[in-house]
Amino acid sequence: MNIVLLGAPGAGKGTQAQKLVEEFGFAHISTGDLLRAAVSAKTKLGIQAKSYMDAGKLVPDDLVISLVKERLDADDAKNGFILDGFPRNTAQAVTLDSELAAMDRRLDAALLVSVEPDVIVKRLSSRRTCRNCGYTAPAGVDVCPRCGGEMYQRDDDKPETIQHRLDVYNTQTAPLIEYYKGHSILKEVDGDRPVDEVYADVRKLLSLAC
Ligand code: AMP
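From a predicted model like this one, the values you see are computed outputs, not experimental measurements.

Undergrad: Help me understand the overall build of the protein, please; the structure alone is not making it clear to me.
TA: In terms of regular secondary structure, the protein is built from nine helices and eight strands. Over its C-alpha trace the protein gives a radius of gyration of 16 Å, about what one expects of a compact globule, namely 17 Å for 210 residues. By principal-axis analysis of the C-alpha atoms, the protein measures approximately 40 × 40 × 35 Å. Burial status across the protein gives 44% buried among its 210 residues. Restricting to contacts in the protein with at least 6 residues of sequence separation, those with at least 24 account for 67%. Per element, the accessible surface of the protein, about 10,400 Å² overall, is 51% carbon and sulfur. For the protein, the distance from the average position of its 27 positive side-chain charges to the average position of its 31 negative side-chain charges is 2 Å.

Undergrad: For this particular structure, what's the right way to read the site of the ligand?
TA: Among the 16 residues in the neighbourhood of the ligand, the closest are listed as Thr 31, Arg 36, Lys 57, Gly 85 and Gln 92. At 3.0 Å, a backbone N or O of Val 59 approaches a nitrogen atom of the ligand. Taking Arg 154, its side chain carries an N or O atom lying 3.3 Å from an oxygen atom of the ligand. Against a free-state accessible area of 480 Å², the protein chains account for coverage of 95% of the ligand. Here the element with the most residues in the shell around the ligand is helix H2 (residues 31-40); it accounts for four residues. Grouping the constituent residues of the shell around the ligand by class yields six nonpolar, four polar and six charged.

Undergrad: For this particular structure, what's the right way to read empty space enclosed by the protein?
TA: One simple way to see leftover space: roll a probe sized like a water molecule over the atoms. In this structure the tally under the stated criterion is one cavity of 30 Å³ or more. Looking at the largest cavity, its volume works out to about 40 Å³. Ile 65, Val 68, Lys 69, Leu 72, Phe 86, Thr 95, Leu 96 and Glu 99 together form the lining of the largest cavity. Sorting the residues of the lining of the largest cavity by element identifies helix H4 (61-73) and helix H5 (90-102) as the ones contributing at least two each. Counting residues per element, the lining of the largest cavity draws most heavily on H4, which supplies four residues. Residue composition of the lining of the largest cavity, grouped by class: five nonpolar, one polar and two charged.

Undergrad: Got a minute to help me understand the sheet that holds strand E8 (residues 186-190) in this structure?
TA: Sheets are built from strands that pair by backbone hydrogen bonding, the pairs being arranged parallel or antiparallel. The strand order E2-E3-E1-E4-E8 describes an open sheet built from five strands, whose pairing is parallel. Across the chains shown, the open sheet's two edge strands, defined by having one partner strand only, are strand E2 (27-30) and E8. Here the average twist between neighbouring strands, direction ignored, is 20°. Across four bridges, the pairing between strand E1 (residues 2-6) and strand E3 (residues 81-84) is parallel. Bridging from a neighbouring strand, Ile 3 pairs with Ile 82 of E3. In the packing of H4 onto the sheet, contacts are made with E2 and E3, and the angle to E2 comes to roughly 175°.

Undergrad: Looking at this structure, how should I read the layout of surface pockets?
TA: In this structure, the second largest pocket encloses a volume near 530 Å³. Arg 36, Ala 37, Val 39, Ser 40 and Tyr 152 are the residues nearest the centre of the second largest pocket, which is lined by 19 residues in total. Sorting the residues of the lining of the second largest pocket by element identifies H2, helix H3 (44-54) and strand E5 (127-130) as the ones contributing at least two each. For the lining of the second largest pocket, the element with the highest residue contribution is H2, accounting for five residues. Among the residues making up the lining of the second largest pocket, the classes are represented as six nonpolar, four polar and nine charged.

Undergrad: Would you take a moment to explain the state of the cysteines for this structure?
TA: What makes a disulfide is a covalent bond joining the sulfur atoms belonging to two cysteines. Enumeration according to the criterion identifies zero disulfides in this entry. There is no disulfide at Cys 133, and the cysteine sulfur nearest it, in Cys 144, is 3.8 Å away. Free cysteine: Cys 147, not disulfide-bonded; nearest cysteine sulfur from Cys 130 at 3.6 Å.

Undergrad: Please clarify how the packing of H5 against helix H8 (residues 175-182) should be interpreted in this entry.
TA: Two elements in contact, H5 and H8, have axes whose closest approach is 10 Å; the angle formed by their N-to-C orientations is 30°. With respect to their mutual orientation, H5 and H8 come out roughly parallel. Counted together, Thr 90, Ala 93, Val 94, Leu 96 and Asp 97 of H5 and Leu 176, Tyr 179 and Tyr 180 of H8 form the full contact between these two elements. Of the residues in the contact of H5 with H8, the class split is six nonpolar, one polar and one charged.

Undergrad: How should the sheet that holds strand E6 (residues 136-138) be read in this particular structure?
TA: Taken together, the three strands give an open sheet; going across it, the order is E6-E5-E7, and neighbouring strands pair in antiparallel fashion. Each end of this open sheet is capped by a strand with a single partner; those strands are E6 and strand E7 (151-152). As paired strands, E5 and E6 are joined by three bridges and run antiparallel to one another. When the sheet's bridge partners are listed, Arg 127 is paired in E6 with Pro 138.

Parameters at a glance
- Every chain is numbered independently, its residues counted from 1 as its sequence is written.
- The model is predicted, so local features are restricted to residues of pLDDT at least 70 and side-chain atom pairs to those at 80 or more, both for listing and for counting; the totals for chains, interfaces and linings are taken over all residues.
- Only hydrogens and water are removed before side-chain values are computed, so all heavy atoms of the structure are retained for them.
- Numbered from the N terminus, helices here are DSSP runs of H or I no shorter than four residues, and strands are runs of E no shorter than two.
- As a reference, a globule follows 2.2 Å times the number of residues to the power 0.38, and the radius of gyration itself is taken over C-alpha atoms.
- Only protein chains enter the area calculation, which uses a 1.4 Å probe; residues under 20% of their type maximum are buried, those over 50% are exposed, and those in between are partly exposed.
- Between two residues, a contact is recorded if the distance between any of their heavy atoms is within 4.5 Å.
- Only the protein chains shown count as cover for residues, and all accessible areas are computed by the Shrake-Rupley method using a 1.4 Å probe.
- Residues counted as positive are Lys and Arg, residues counted as negative are Asp and Glu, and His and the chain ends are not counted.
- To locate a charge, take NZ of a lysine, CZ of an arginine, CG of an aspartate or CD of a glutamate.
- Definition of nearness: a residue and a molecule or strand are near each other if at least one heavy atom of the residue lies within 4 Å of the molecule or strand.
- Polar contacts here mean pairs of N or O atoms no more than 3.5 Å apart (in protein, one a potential hydrogen donor and the other a potential acceptor; neighbouring residues in sequence count only if both atoms are side-chain atoms).
- For this classification, Asp, Glu, Lys and Arg are treated as charged, while Ala, Val, Leu, Ile, Met, Phe, Trp, Tyr, Cys and Pro are nonpolar and the rest, including Gly, are polar.
- A pocket here means an open set of points on a 1 Å grid, computed over the protein atoms alone, that has protein on both sides within 12 Å along at least five of seven lines. A cavity is instead a set of points where a 1.4 Å probe fits but cannot get out; residues with an atom within 4 Å of a point line either one.
- Grid points are joined across faces, edges and corners, and a volume is the space filled by probe spheres set on the points.
- DSSP-based pairing: two strands are paired if at least 2 bridges between them are found.
- Convention adopted: a line fitted to C-alpha atoms gives each axis, helices being fitted over their contacting stretch, and angles between N-to-C directions are expressed from 0 to 180 degrees.
- We call a pair of cysteine sulfur atoms a disulfide whenever their separation is within 2.5 Å.
- What sets the label is the angle itself: under 35 degrees gives roughly parallel, over 145 gives roughly antiparallel, 65 to 115 gives roughly perpendicular, and the rest give oblique.

Everything listed is a geometric property; what it means functionally is a separate question.
This is the structure we're talking about:
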């Protein structure tokens, strides 16, 4: 099954993706994680992407698309993937459709995790992320419960950048809701509930429940 996750930053896409990956073995393709790894490794792409990310802006399409293409070609993505944080605008969505068509593949679902903006602001400003594996938890958790790595506050989770990221989401990414409705693959889940309740609905919506 090939799935795109939609929703504002902090809606819980990564958490739901992780649960689907653990249970069903899909490849998790998070462009934010791929870009942060490139920034840490100081690759050419990472150096180009860093200033956009720190400012809460979208990294130019050509850079992100090349990362995603490479990842879709990897063996583990051939039996199903979850795209988390991609596409972020209509140009990326159109490119994704044509890349998949060229590989004789297609998207099965676009899952929108919906959360009200005031909840998002609270979640993001108290979010801490593992430097090592990307696991997220609320402030106060200093050691990653999954891998023991150091938890830190992402630069773009600081209050001055959060509002900008939400504006970018509303203007550039939210139109994808209509795009995927038009393709009859949009499914929506209320993300403002405990993680396991959201996940139970996600499984049902994706017809993955036993
Ligand atoms: P995320 O972890 O998904 O919130 O992404 C963190 C940052 O990485 C974003 O604010 C953007 O700067 C960049 N980014 C992630 N995915 C994309 C994408 N599909 N297109 C452009 N920039 C992206």
